[in-house]
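Structural characterization, general
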Amino acid sequence: MTDRLPGFSTLAVHAGAQPDPTTGARATPIYQTTSFVFNDADHAASLFGLQAFGNIYTRIGNPTNAVLEERVAALEGGTAALAVASGHAAQVIVLQQLMRPGDEVLAARKLYGGSINQFTHAFKAFGWNVAWADPDDVASFERAVTPHTKAIFIESIANPAGSITDIEAIAAVARKAGVPLIVDNTLASPYLIKPIDHGADIVVHSLTKFLGGHGNSLGGVIVDAGTFDWSKDNKYPMLSEPRPEYHGIRIQETFGNFAFAIACRVLGLRDLGPALSPFNAFMILTGIETLPLRMQKHCDNAKAVAEFLSSHPAVSAVNYAGLPDDRYHQLQRKYSPKGAGAVFTFSLKGGYDAGVNLVSNLKLFSHLANVGDTRSLVIHPASTTHSQLDDEAKVRSGAGPDVVRLSIGIEDKEDLIADLDQALRA
Amino acid sequence: MNHDAYDDNYIRSILNNVKSIAMVGASPVNVRPSYFAFKYLAQRGYDMIPVNPGHVGKELMGKPFVASLADIGRPIDMVDIFRNSSHIMPVVDEALKLSPPPKVIWMQLGARDDAAAEKAEAAGLKVVMNRCPKIEYGRLSSEISWMGVNSRTLSSKRAPVPTQGMRLSLNRSSFGGGQTAASDRAAKNKTETT
Ligand SMILES: Cc1ncc(COP(=O)(O)O)c(C=O)c1O
């Protein structure tokens, strides 16, 4: 009964879900409960001791969340996953398994601004150091590896400018350094890019964006590729050493190729606590069922809008990897052939004032700080998310005064183009 | 037989057909993986026999430890070996001396001895290496999905509510066979470099 390999759309609808054993409900029920009764004292002890499969308390696991976890693991081609409250929660839980005070994470300089903040400031308080490298210059990663490096962190398609990362080249650096490669696949979604196929050991997502897809629920997920040997050289004691909180269990020895996902659950989520609400898991699961349809429409719309803007007289430059003369176009064709995603930036000849004007003149695009919604979104980073940086730092992070970021939705592309056209004229 | 990646049908037919399992290296210490697996398989209805010369005189879930396979004194279907790769061969040799010999040799997660596997297969036995029967049972029944594990199975059928001691159906439709392609590749690379 090893059947044909189901396609991506079939997995997006079915993976992880089955009719509810108790009621026969076909849609995944929202198990909105904090806790689950034990059969007896032995069952309780087995569950707490990680000896049996089952539910205890929603901070550690929940049946609705479990469907979401298996579904994302299946779509990414991983061995297991863990859903958490947000993309940022996923990032901190992943690094908590890998880092000790004094250790270093080597990160791509082009990341979502909130991640740059989290890595630079929040992690400093944990004694975790960050080294930055340029994703457009693989050698800069190689140069930045030190004996304290414990992980490499990149985005597959980088926020804000939609640049495409050479995942395989950076995976080779990680392999040589003996550290896992973590890929934030939020802006691509597994419909466009499956980082595990290119050498990622861990994939994280902000489910808040394209996977949930409707701008209504925060969520995050960690996917274990099952590829990294955590016991080598004792570099990752959370996984390889006996765990005192579980009477000496060694996580890798016990759980094999999904040990990392289990560590994130029983050492990370359990103790740090950012659990995903089952209601949010349900909303996100419903979103994922249409991911392939939405993502293709997002990409097709974004390409049409990028083409329109690149020939517009008020526009000085468009950064969209789907355009043939874009510097990331070759990488896009290799890694993301179905489309270049839906988040990109462009620059206005009129500079800062033109950016502010454009945003206030748009009628269909919403001015807000999110991406990956069904609705089209716009933000002028220099006057909002990046306003605290000086001008030089703004330019370096791709948020110069003349730059506008778009996240293209799934409306009719003609209406999006008309809205931009009237706003650029106004 | 390709031992880098197993077809689900292979694992499924073993777990559906064996009834008695001798676990060599079973531990009475309740944080050891062998204890977890022993207890789980016993609760799913397998006739489990703990084999460990260091614990003769003790019991595991009410089953008395025996010192060696030869001491079991009745036919067994499968030998599940919870020992390091370097200790596999003598156990396989011992298993092959049994009359009748077991039908299956299973080496635990992390354990692999290709020469021992070849010998057992030449004698007509089925061999599984570097897998955990508890994980595989949990995966094929999808019980393990409760922990966010990718079972690599799908079903549109309503399953019975699992209760204690119940055998679960392992007959969901499978895709790709057990592990993911990436994790299989990693395991193969590891075997080749060690
Ligand atoms: C690429 C990327 N990663 C991570 C995050 C953080 O996710 P969350 O807001 O769900 O914590 C975001 C949010 O904008 C993002 O765009």
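Remember, predicted model here, so these are calculated numbers, not experimental data.

Thoughts on the pairing of strand E9 (residues 202-206) of chain A
Side chains on a regular strand alternate between the two faces of the sheet. All names here are of chain A. In terms of residue burial, E9 counts as a mostly covered element, since five of its five residues are buried. Burial along E9 is two-sided: Ile202, Val204 and Ser206 facing one way and Val203 and His205 facing the other are all buried. Sheet topology note: the E9/strand E10 (residues 220-224) ladder contains five bridges and is antiparallel. If you follow Ile202 over to E10, its bridge partner there is Asp224.

Comments concerning the environment of B:Ser155
Residue and element names in this part refer to chain B. If you trace the backbone, Ser155 turns up in the loop between strand E8 (153-154) and strand E9 (173-175). A relative accessible area of 17% means that Ser155 is categorised as buried. Spatially, the C-alpha atom of Ser155 lies 9.2 Å from that of Asn171, the residues being 16 residues apart in sequence. Separated by 3.1 Å, the side chain of Ser155 and the backbone nitrogen of Lys157 make a polar contact.

Observations concerning the nonpolar core
Ranked by size, the top nonpolar core spans 191 residues in total, and within it A:Leu98, A:Leu309, A:Leu406 and B:Leu69 carry the most contacts. Leaving out residues up to four positions away in the same chain, A:Leu309 has contacts with A:Val315, A:Val318, A:Phe344, A:Phe346, A:Leu406, A:Leu420 and A:Leu424.

Some points on the site of the ligand
Residues and elements named next belong to chain A. Surveying the vicinity of the ligand reveals 13 residues, the closest of which are Gly87, Asp184, Ser206, Thr208 and Lys209. In this structure, Thr208 approaches the ligand through a side-chain N or O atom, which is 2.7 Å from an oxygen atom. Coverage of the ligand by the protein amounts to 91% of the 390 Å² it exposes when considered alone. Broken down by element, the residue count for the shell around the ligand peaks at three residues, all from helix H4 (residues 87-98).

Digging into the interface of chain B and chain A
With 52 residues of chain B in contact, the opposing surface of chain A contributes 59 residues. In total, chain B and chain A occlude about 4,300 Å² of area from one another, counting both sides; carbon and sulfur atoms represent 55% of this. Its largest share of buried area at the contact with chain A, chain B owes to B:Trp146, B:Met147 and B:Arg158, together 16% of the area lost on that side. Here chain B and chain A share two salt bridges between them. Measuring nitrogen to oxygen at the nearest pair gives 2.9 Å for the salt bridge that ties B:Arg32 to A:Glu253. Scanning the region where chain B abuts chain A turns up 15 residue pairs in polar contact (both at pLDDT 80 or more).

Topic: unusual backbone geometry
Put simply, A:Asn159 and A:Pro160 share a cis peptide bond, and its omega is 10°. Going from B:Ser99 to B:Pro100, the amide bond is cis rather than trans, its omega being -5°. With respect to the helices and strands, B:Pro100 occurs in the loop between helix H3 (88-97) and strand E6 (104-107). The backbone phi angle of A:Asp233 is positive, close to 60°, even though this residue is not glycine. Structurally, A:Asp233 can be placed in the loop between E10 and helix H9 (237-240). At B:Asn130, a position not held by glycine, the phi torsion is positive, near 55°. By the element assignment, B:Asn130 lies in the loop between strand E7 (126-128) and helix H5 (133-140). For B:Asn130, a relative accessible area of 23% corresponds to the partly exposed category.

Analysis parameters
- Residues numbered from 1 in each chain as written.
- Chains lettered and ligands numbered in written order.
- Predicted model: local features only at pLDDT ≥ 70, side-chain atom pairs only at ≥ 80, totals over all residues.
- Heavy atoms only, no water.
- Buried < 20%, exposed > 50% of the residue type's maximum accessible area, 1.4 Å probe, protein only.
- Helix = DSSP H or I, 4+ residues; strand = E, 2+ residues; numbered from the N terminus.
- Pairing = 2+ DSSP bridges.
- Polar contact = N/O pair within 3.5 Å; in protein donor to acceptor, adjacent residues only side chain to side chain.
- Core = buried A, V, L, I, M, F, W, Y, C linked by side-chain atoms within 4.5 Å.
- Contact = heavy atoms within 4.5 Å.
- Near = heavy atom within 4 Å.
- Areas by Shrake-Rupley, 256 points an atom, 1.4 Å probe, with all protein chains shown as cover.
- Buried area = accessible area lost by both parts, 1.4 Å probe.
- Salt bridge = Lys/Arg side-chain N within 4 Å of Asp/Glu carboxyl O.

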